[in-house]
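Coordinates in review
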Amino acid sequence: MAQLKEEKDLTSFDPEWYMQELVLSDEAANNMKGDVEVFHKFFTDHNLSGKRLLDVGTGPTIHTLITACNHVDEIYLSDFLPQNLQYLEKWRKGEKRQSEQLIDHVMDLEGRQMTAGQRESDLKSKVKGMLPIDVTLSKPLGDASSYSQFDIVVSSYCIETAVFTVDGYAKCVENVSSLLKKDGFLILCACLNGNSYQIGDYKYKAVSITKEGIQSALRQAGLVVIATEELAETDYDAKYLSFDSYLYILARK
Ligand SMILES: C[S@@+](CC[C@H](N)C(=O)[O-])C[C@H]1O[C@@H](n2cnc3c(N)ncnc32)[C@H](O)[C@@H]1O
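Report follows, based on the coordinates. (Residues numbered from 1 in each chain as written. Predicted model: local features only at pLDDT ≥ 70, side-chain atom pairs only at ≥ 80, totals over all residues. Heavy atoms only, no water.)

Now for the site of the ligand. In the region of the ligand, 19 residues are neighbours, and Y18, G57, D79, D134 and S156 sit closest. In the environment of the ligand, a nitrogen atom lies 2.9 Å from a nitrogen or oxygen atom belonging to the side chain of D134. Separating an oxygen atom of the ligand from a side-chain N or O atom of S156 is a distance of 2.5 Å. Protein burial of the ligand: of its 600 Å² of free accessible surface, 96% is covered by the chains. Split by residue class, the shell around the ligand holds 9 nonpolar, 8 polar and 2 charged. (Near = heavy atom within 4 Å. Polar contact = N/O pair within 3.5 Å; in protein donor to acceptor, adjacent residues only side chain to side chain. Areas by Shrake-Rupley, 256 points an atom, 1.4 Å probe, with all protein chains shown as cover. Nonpolar A, V, L, I, M, F, W, Y, C, P; charged D, E, K, R; others polar.)

So this is what it looks like as structure tokens:
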């Protein structure tokens, strides 16, 4: 990593940089194909479906929901940072873009039953809320009880950016799990064995956690692991991130 300002607090998180460098550019989208392939695999191999899905710590990107859109009726996006929720709201209004390359890749995986444009507009119409959230709280969505329980919760690379200890990670998993209905599914994506990542001019701190640490956190939260996938770090990831691999877990409450 270049000489960067070290930071723990995410206030300066820049959604534009995040999208350009980590999602939208051809190189970035190509690098992320493995992520959307895992979501496709989890939803199709395990026949996942439900009425309401919550994405926890969505950031500015909806790549976690391209497949999910076909399997649920309502989608709720959420994030801790107002600038990420604003980016998502602008996307919904057509003022910001998501990765057409990644949506197109999922359409290929599904056998091209619709165009990328159709999927994106289906997704926009299924998004029923963009909610402030804090995974460090025992009630991450606050007291808004109408949003309290979901059939499926997805959280991608969020918790490791919110806390800096393994115990803190486990507490957040428990908090996020409280948002799931009994028998509901959690898809958790995590960066393993690293403690920092670059966004713009900043090097942010992350918790260094192992696969075993995450599995133990899930067990403590009363979740049963159903499937796992692991992707190794690519050269592109290594430009900006300090992790050695990426873990995807499907678990049931
Ligand atoms: C590395 S980004 C991941 C964004 C996206 N989910 C993805 O997979 O690319 C981490 C996200 O977690 C969010 N986040 C950080 N702390 C949080 C907290 N305490 N509660 C909820 N979200 C948080 C950040 O605002 C950011 O959008």
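The next subject is the packing of aromatic side chains. Evaluation of the coordinates by the stated rule reveals 8 aromatic pairs. Ring geometry for Y76 against F150: centres 5.6 Å apart, planes inclined by 65°, an arrangement best described as edge-to-face. Here Y76, found in strand β3 (residues 72–79), pairs with F150, found in strand β5 (residues 150–156); they are 74 residues apart in sequence, far enough to count as distant. Assessed through its relative accessible area of 6%, Y76 is described here as buried. Through a chain of ring-to-ring contacts, three or more aromatic side chains come together here, namely W17, Y236 and Y240. One Lys or Arg, R52, reaches over the ring of F150 and ends 4.7 Å from the middle of that ring. (Phe/Tyr/Trp six-rings, centres within 6.5 Å; stacked < 30°, edge-to-face > 60°. Helix = DSSP H or I, 4+ residues; strand = E, 2+ residues; numbered from the N terminus. Buried < 20%, exposed > 50% of the residue type's maximum accessible area, 1.4 Å probe, protein only. Lys NZ or Arg CZ within 6 Å of the ring centre and 35° of its normal.)

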